[in-house]
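# A structural walkthrough
What follows is the residue order along each chain.
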Protein chains: 4
Amino acid sequence: MRIGLVGLGKMGFNMRERLRRAGHEVVGYDRNPRASDVASLADMVAELTGPRVVWLMVPAGEPTKQAVAELAELLSAGDLIIEGGNSRYTDDREHASTLAEHGIDYLDCGVSGGVWGLEVGYGLMVGGDAAVVERVMPIFDALRPEGPREEGFAHAGGVGAGHYAKMVHNGIEYGLMQAYAEGFELLDAAPEVTDVPAVLKAWSRGTVVRSWLLDLLIKALESDPELDDLRGYVEDSGEGRWTVEEALNHAVPAPVISAALFARFASRQPDSPAMRAVAALRNQFGGHAVQN
Amino acid sequence: MRIGLVGLGKMGFNMRERLRRAGHEVVGYDRNPRASDVASLADMVAELTGPRVVWLMVPAGEPTKQAVAELAELLSAGDLIIEGGNSRYTDDREHASTLAEHGIDYLDCGVSGGVWGLEVGYGLMVGGDAAVVERVMPIFDALRPEGPREEGFAHAGGVGAGHYAKMVHNGIEYGLMQAYAEGFELLDAAPEVTDVPAVLKAWSRGTVVRSWLLDLLIKALESDPELDDLRGYVEDSGEGRWTVEEALNHAVPAPVISAALFARFASRQPDSPAMRAVAALRNQFGGHAVQN
Amino acid sequence: MRIGLVGLGKMGFNMRERLRRAGHEVVGYDRNPRASDVASLADMVAELTGPRVVWLMVPAGEPTKQAVAELAELLSAGDLIIEGGNSRYTDDREHASTLAEHGIDYLDCGVSGGVWGLEVGYGLMVGGDAAVVERVMPIFDALRPEGPREEGFAHAGGVGAGHYAKMVHNGIEYGLMQAYAEGFELLDAAPEVTDVPAVLKAWSRGTVVRSWLLDLLIKALESDPELDDLRGYVEDSGEGRWTVEEALNHAVPAPVISAALFARFASRQPDSPAMRAVAALRNQFGGHAVQN
Amino acid sequence: MRIGLVGLGKMGFNMRERLRRAGHEVVGYDRNPRASDVASLADMVAELTGPRVVWLMVPAGEPTKQAVAELAELLSAGDLIIEGGNSRYTDDREHASTLAEHGIDYLDCGVSGGVWGLEVGYGLMVGGDAAVVERVMPIFDALRPEGPREEGFAHAGGVGAGHYAKMVHNGIEYGLMQAYAEGFELLDAAPEVTDVPAVLKAWSRGTVVRSWLLDLLIKALESDPELDDLRGYVEDSGEGRWTVEEALNHAVPAPVISAALFARFASRQPDSPAMRAVAALRNQFGGHAVQN
């Protein structure tokens, strides 16, 4: 197939490559002229033939909204936009409804894979109409990992379901990472355990906790056995917060995912106002020594 | 009554004073000769007349165990030891059983009150035999706050119940302090709220969250409205950990008390090994920027 | 002063009474004719003289929005609406901006006090312009508890600050309640402790955990010492969720308040889907017995 | 090698088989005569030749302590006991010290693998003296999964390190399972997502959250897409509690692992005493409706 791809950053750049390796023709557009195949969004659209398919891979929020708005004008009825960025699933409804007014179809697609996706393939979760999904299956098949389709691709439900599923995927990821991280710290804290990297590596096969994330942690420890070259300062990308917000919306208890998120918040505070308040209280009632 | 009081530190010193103000004769012993009324534990015992009553107020663990062992030799059958320190309730069983071999009675008494106890009185939770409790009620009545006895004193149950109750009291305290602390930080974080101390002060009367701890926080904010003179570094005294251990022993979910405790642990880490592990993972899978 | 009061439910009804006892003239309107002083909102407005003051005390969300919209038409420039319900603070901005177009002033006021407010007074947190706040201080003074004004009233900041502060107040309340609740369960679980209500009552004076909520728990235990007449099923009113959402918005770690909220969510689930997933996993990897 | 194996339950039975397939001679003893190769522990020892090697695979706590005590009498100086059960790492020190008095060597070995270990192999974490570990490497090599030794075997450190590492492994497992479980519930709760099992299956390849546990959850959903055949009632096996206790001992924040454990505790409560206390409080202060 021939497809337009908007956004050639860390993710989009590799996806273009993977699609091309699979024999698809990709017209990529990026504001960065060194990455871009064409000079403008309009040029990209001009190089596609109807019914056109455009894959969006730009930052969530305003940039995606703007790209949808521009494409709504450039595309025609019967064309299709696949939003593959990290949009909040509630944005998908608005995008779909805006585009529907122009007769343009819309799919949302959560994409997992990071920098490894080029070689391994990307896990895909798609929301939207089944017939539309079917139409671009060759694209999904090229991006997803080798093997049975259902092990790397899901039609999760209606519009928004793809990004909702990806959001939950990322929320789980927060919890998984924190679980390994707490375990790492517990191993690190025990004088009995003299070879922490060896312990984690020994979990690679045959254990209940084996996983791709574990493999990555083992890899990180190979070059830096105490993780001394890093600071315990961790950003969050928004999807963890959305996951907890959905937990609130649906009254789903999410103690693990929220704890993982709060640990990141705390990791970024040079000094915690809350803990200053606790210190102040202890000082008041007990005359406990405090650190100034 | 005449009573021996072992341990004249921050708590014991004030308790001696409160007991004396109530007309009791207190023979206080402390290793610090400037605080002590007598030169030795033996001298203290010698100044008491049988059946003797000795109140222990020394640090929990070894110091208390040693004092119990020494007093087991110095006291006689029919005498009584009241362990008013912060012993773990499981230690009480051992103390009681050791002393029972000598015919010496034993009560454990959890004491709340901090530096304010001298004026306000101490909340008391006692474990042991009801008849023995009754025998020293004048002492408990002198230490507890004014007002109806049951509002500042409880016979909680058998040996250990007093310290168990005090341990839970402290566990609750951890949770309460953290709840106010999170609230403080949330107020502090909102640009809308321009007078955080005024908000907390307005909760002093008529609100659901009014409490003594709130009053203390208000007091702290009076002299330091942003709590800038403090660091968010908070020790824990052991009883929070014991409370969570009892939650584990009794399979009681304790998410709030444990979260409050973990927040203190985290407050003391200049850099979190766990969060370094999370940073390492993010770096591996996403090429996310990390702080070195 | 003369004031209009819209909404005479559990809260508004008592507030009308408290205002009248303080000598204010209150024209109350409620859809329920038995509670209402007048037949319509328009009638209420007609009985006020300019510059008019109307206090809103209707359910948050749509009912409040509608009341604001109707009053925007009925009132005149220079009049004032005080939103005393449980509006989300983000709604206040919209209300204020809508009313500003009509020249009508706006204050938001968080009100704490529950069914006890009539006698004890209500804790008040107000957001808006200082001059406007000053204008209706007699009303605030009548509603707030006796004693120094600042112990029951705060001008928290600009529009929205009152409801933000009240929201945080309620979030703290969630954490406090859960801390006491965990403590209650831990006391209940220990065979050593034979008189749980007595222990809690003994904390009433002289302890670090004394509070109004503790007093209420003691009261509840007086008539039902094991709390056997209740089910452990707890609703949440929305403000706890908003508080956690603000924690997400401001990247404030809120492990205690969120844990308290999640415990409520879990309390309402007859069976937990998440725990079914854990059971399924254990069954898969370990052949662990599961309950069907 | 020839080895004695004590305990032929779910784990030991399969381990005997795996060892035999690798060409080792295993003399298995179990109290259950149908599984046992010999009539008694003494008979088992008699069939081994010095220096003898005995692998323990009996329940942790008393059964293991008793087996160690009996074997201390039956074995000779230079023999070796490998404790492969789920002993708490603190027990290992006592075992090692008891056996050292008889000149008997001791290794502790944490074993992961569950019912799948027979085919896949068992992840092994060993504590003890390096020379002793080397001596029985053929046994470890037979039990561990195929592939590089270090991916299924670690010499973690001194006595106790093996079980400590296994304990942390299980603690992590609790956190991982709960993270997936919360994600499952969040997917289940969203009306947008119409095919939850398909979403999870699509994470099998190419995603950040792919893991063996995920594969198991997918497998469970294949036969029971809503997990309706199960109840959300989950036991805990002790190692999760130990992990949290070690977090307390080492002052390591463990919000995720503890939250996962508390969720299990809560899952087993038909009605929560803590939530009854919260309900009682709400009833007291707000006149909120409660469920009786």
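Because the structure is a prediction, the values reported are computed rather than measured.

### Some thoughts on the interface of chain A and chain D
Between chain A and chain D, the contact holds 75 residues from the first and 75 residues from the second. For the chain A and chain D pair, buried surface summed over both sides reaches about 6,000 Å², with 69% attributable to carbon and sulfur atoms. Connecting chain A to chain D are 4 salt bridges. Linking chain A with chain D are 28 residue pairs in polar contact (both at pLDDT 80 or more). Breaking the side of chain A that touches chain D down by element, the ones donating at least two residues are helix H4 (89–100), strand S6 (123–127), strand S7 (153–157), helix H8 (161–189), helix H9 (196–202), helix H10 (212–223), helix H11 (239–249) and helix H12 (255–267) of chain A. Looking at which element gives the most residues to the side of chain A that touches chain D, the answer is H8 of chain A, with 18 residues. By residue class, the composition of the side of chain A that touches chain D is 42 nonpolar, 20 polar and 13 charged.

### Points about the relation of the copies chain B and chain C
Placing chain B over chain C gives an RMSD of 0.1 Å and needs a rotation angle of 180 degrees, together with 0.0 Å of translation along the axis. Such a turn and shift between the copies fits a two-fold axis. Across chain B, the smallest distance between a C-alpha and the rotation axis is recorded for Ser211 of chain B, namely 2.0 Å. With an isologous cut-off of 70% or more, the 100% of interface residues of chain B that recur at the interface of chain C puts this contact in the isologous class.

### A few points about the pattern of salt bridges
A side chain of one charge can pair with a side chain of the opposite charge if their charged atoms are brought near each other. All chains considered together, the criterion is met by 77 salt bridges over all chains. A salt bridge links Arg205 of chain A to Glu151 of chain D; the shortest N-O distance between them is 2.6 Å. Residue Arg205 of chain A is found in the loop between H9 and H10, and its partner Glu151 of chain D is found in the loop between helix H7 (137–143) and strand S7 (153–157); the two belong to separate chains. Since its relative accessible area comes to 31%, Arg205 of chain A is described here as partly exposed. Sharing partners across several salt bridges, the network here consists of Arg16, Arg20 and Asp37 of chain A.

### Quick notes on the packing of H8 of chain A against helix H12 (residues 255–267) of chain D
At a minimum axis separation of 8 Å, H8 of chain A and H12 of chain D run at an interaxial angle of 110 degrees. As the angle between them shows, H8 of chain A and H12 of chain D are arranged roughly perpendicular. Taking contact as the criterion, the partners of Gly175, Gln178, Ala179, Glu182, Gly183 and Leu186 of chain A in H8 of chain A are, on H12 of chain D, Pro255, Val256 and Ile257 of chain D. Split by residue class, the contact of H8 of chain A with H12 of chain D holds 5 nonpolar, 3 polar and 1 charged.

### Description of the sheet that holds strand S2 (residues 25–29) of chain A
Strand pairs in the sheet, formed through backbone hydrogen bonds, run parallel or antiparallel to each other. Residue and element names in this part refer to chain A. Pairing in this open sheet of 7 strands is mixed, and the strands run S2-S1-S3-S4-S5-S6-S7 from one edge to the other. Only two strands of the sheet have a single neighbouring strand rather than two, namely S2 and S7. Direction aside, neighbouring strands of the sheet carry axes that sit 25 degrees apart on average. Both strand S3 (residues 53–56) and strand S4 (residues 80–83) contribute to a ladder of 4 bridges, which runs parallel. Residue pairing across strands places Trp55 opposite Ile82, the latter belonging to S4. In this fold H4 packs onto S4 and strand S5 (105–112), with an angle of close to 150 degrees to the strand it touches most, S5.

### Here we look at the environment of Arg144 of chain A
Residues and elements named next belong to chain A. Examined against the element boundaries, Arg144 turns out to sit in the loop between helix H7 (137–143) and S7. The class for Arg144 is buried, based on a relative accessible area of 11%. Once the C-alpha coordinates of Arg144 and Gly160 are considered, the two residues, 16 residues apart in sequence, prove to be 19 Å apart. Excluding residues that lie within four positions of it along the chain, Arg144 makes contacts with Arg18, Gly121, Tyr122, Leu124, Arg149, Gly152 and Phe153. Within polar-contact distance, the side chain of Arg144 engages the backbone oxygen of Gly147 at 2.9 Å.

### A look at helix H11 (residues 239–249) of chain B
All names here are of chain B. Burial analysis of H11 places 10 of its 11 residues in the buried class, the great majority of the element. Every buried residue of H11 is accounted for by Glu239, Gly240, Arg241, Trp242, Thr243, Val244, Glu245, Glu246, Ala247 and Leu248. The first or second residue beyond H11 is Ala251, which carries a positive phi of 55 degrees.

### A closer look at the packing of H8 of chain A against helix H8 (residues 161–189) of chain D
Put simply, H8 of chain A and H8 of chain D touch, their axes get as near as 9 Å, and they point 165 degrees apart. On the basis of their axis angle, the class for H8 of chain A and H8 of chain D is roughly antiparallel. Considering only the axes of H8 of chain A and H8 of chain D, their crossing is right-handed. Packed against H8 of chain A, whose contacting residues are Tyr164, Ala165, Val168, Ile172, Gly175, Leu176, Ala179, Tyr180, Gly183, Leu186 and Leu187 of chain A, the element H8 of chain D presents Tyr164, Ala165, Val168, Ile172, Gly175, Leu176, Ala179, Tyr180, Gly183, Leu186 and Leu187 of chain D at the interface. Among the residues forming the contact of H8 of chain A with H8 of chain D, the class breakdown is 18 nonpolar, 4 polar and no charged.

### Some thoughts on the relation of the copies chain A and chain D
Of the transformation placing chain A onto chain D, the axial shift is 0.0 Å and the rotation is 180 degrees, giving an RMSD of 0.1 Å. A high fraction, 100%, of the interface residues of chain A reappear at the interface in chain D, so the copies pair face to face through one surface.

### Considerations on the sheet that holds strand S4 (residues 80–83) of chain B
Residues and elements named next belong to chain B. Read from one edge to the other, the open sheet built from 7 strands follows the order S2-S1-S3-S4-S5-S6-S7, with strand pairing classed as mixed. Of all strands in the sheet, those bounded by a partner on one side alone are strand S2 (25–29) and strand S7 (153–157). The sheet shows a mean angle of 25 degrees between the axes of neighbouring strands, direction not considered. As paired elements, strand S1 (residues 2–6) and S2 share 5 bridges and run parallel to each other. Within S2, the residue paired with Val6 across the bridge is Tyr29. Of the strands in this sheet, strand S3 (53–56) and S4 are in contact with helix H3 (residues 62–74), which crosses S3 at around 165 degrees. Across the sheet, helix H4 (residues 89–100) touches S4 and strand S5 (105–112), and the angle it forms with S5 is around 150 degrees.

### Some thoughts on the packing of aromatic side chains
Throughout the structure, instances matching the rule amount to 20 aromatic pairs over all chains. Ring geometry for Tyr89 of chain C against Tyr164 of chain C: centres 5.0 Å apart, planes inclined by 90 degrees, an arrangement best described as edge-to-face. Of this pair, Tyr89 of chain C sits in helix H4 (residues 89–100) while Tyr164 of chain C sits in helix H8 (residues 161–189), and the two are 75 residues apart along the sequence. Of the two residues, Tyr89 of chain C and Tyr164 of chain C, neither departs from the other in class, the shared state being buried. Directly above the ring of Tyr174 of chain B sits Arg264 of chain B, whose terminal nitrogen or CZ lies 3.8 Å from the centroid.

### What about unusual backbone geometry?
With an omega of -15 degrees, the peptide bond between Gly50 of chain A and Pro51 of chain A qualifies as cis. Within the secondary structure, Pro51 of chain A is located in the loop between helix H2 (41–46) and S3. Although it is not a glycine, Leu227 of chain A adopts a positive phi angle of roughly 55 degrees. Considering the arrangement of structural elements, one finds Leu227 of chain A in the loop between H10 and H11. We note that Ala251 of chain D has phi near 55 degrees; this positive angle belongs to a residue other than glycine. For Ala251 of chain D, the position within the fold is in the loop between helix H11 (239–250) and H12. Judged by relative accessible area, which is 17%, Ala251 of chain D ranks as buried.

### Thoughts on the interface of chain B and chain C
Listed per partner, the contact involves 75 residues of chain B and 75 residues of chain C. Where chain B abuts chain C, roughly 6,000 Å² becomes buried across the two surfaces, and 69% of that area is made up of carbon and sulfur atoms. If you sort the residues of chain B by the area they bury against chain C, Leu186, Arg205 and Val208 of chain B come out on top, with a joint share of 12%. In this structure, the connection of chain B to chain C is made through 4 salt bridges. The salt bridge partner of Arg93 of chain C is Glu192 of chain B, with a shortest N-O separation of 2.6 Å. Elements with a contribution of two residues or more to the side of chain B that touches chain C: H4, strand S6 (123–127), S7, helix H8 (161–189), helix H9 (196–202), helix H10 (212–223), H11 and helix H12 (255–267) of chain B. For the side of chain B that touches chain C, the element with the most residues is H8 of chain B, which contributes 18 residues. Here the side of chain B that touches chain C is built from residues that sort into 42 nonpolar, 20 polar and 13 charged.

### Focus: the side chain of Asp79 of chain D
Residue and element names in this part refer to chain D. Of note, Asp79 is situated in the loop between helix H3 (62–74) and strand S4 (80–83). Among the polar contacts made by the side chain of Asp79, one reaches the main-chain amide nitrogen of Arg52 at a distance of 2.8 Å. For Asp79, the side chain forms a polar contact with the main-chain nitrogen of Ser76, separated by 2.8 Å. Among all residues touching Asp79, those that are not within four sequence positions of it are Gly50, Pro51, Arg52, Gly103, Ile104, Asp105 and Arg135.

Criteria and cut-off values
Residues numbered from 1 in each chain as written. Chains lettered and ligands numbered in written order. Predicted model: local features only at pLDDT ≥ 70, side-chain atom pairs only at ≥ 80, totals over all residues. Heavy atoms only, no water. Contact = heavy atoms within 4.5 Å. Buried area = accessible area lost by both parts, 1.4 Å probe. Salt bridge = Lys/Arg side-chain N within 4 Å of Asp/Glu carboxyl O. Polar contact = N/O pair within 3.5 Å; in protein donor to acceptor, adjacent residues only side chain to side chain. Helix = DSSP H or I, 4+ residues; strand = E, 2+ residues; numbered from the N terminus. Nonpolar A, V, L, I, M, F, W, Y, C, P; charged D, E, K, R; others polar. Least-squares fit on C-alpha atoms with pLDDT ≥ 70 in both. Buried < 20%, exposed > 50% of the residue type's maximum accessible area, 1.4 Å probe, protein only. Axes fitted to C-alpha atoms, helices over the stretch in contact; angles between N-to-C directions. Parallel < 35°, antiparallel > 145°, perpendicular 65-115°, else oblique. Pairing = 2+ DSSP bridges. Left-handed = near helix turned anticlockwise from the far one by under 90°. Phe/Tyr/Trp six-rings, centres within 6.5 Å; stacked < 30°, edge-to-face > 60°. Lys NZ or Arg CZ within 6 Å of the ring centre and 35° of its normal.

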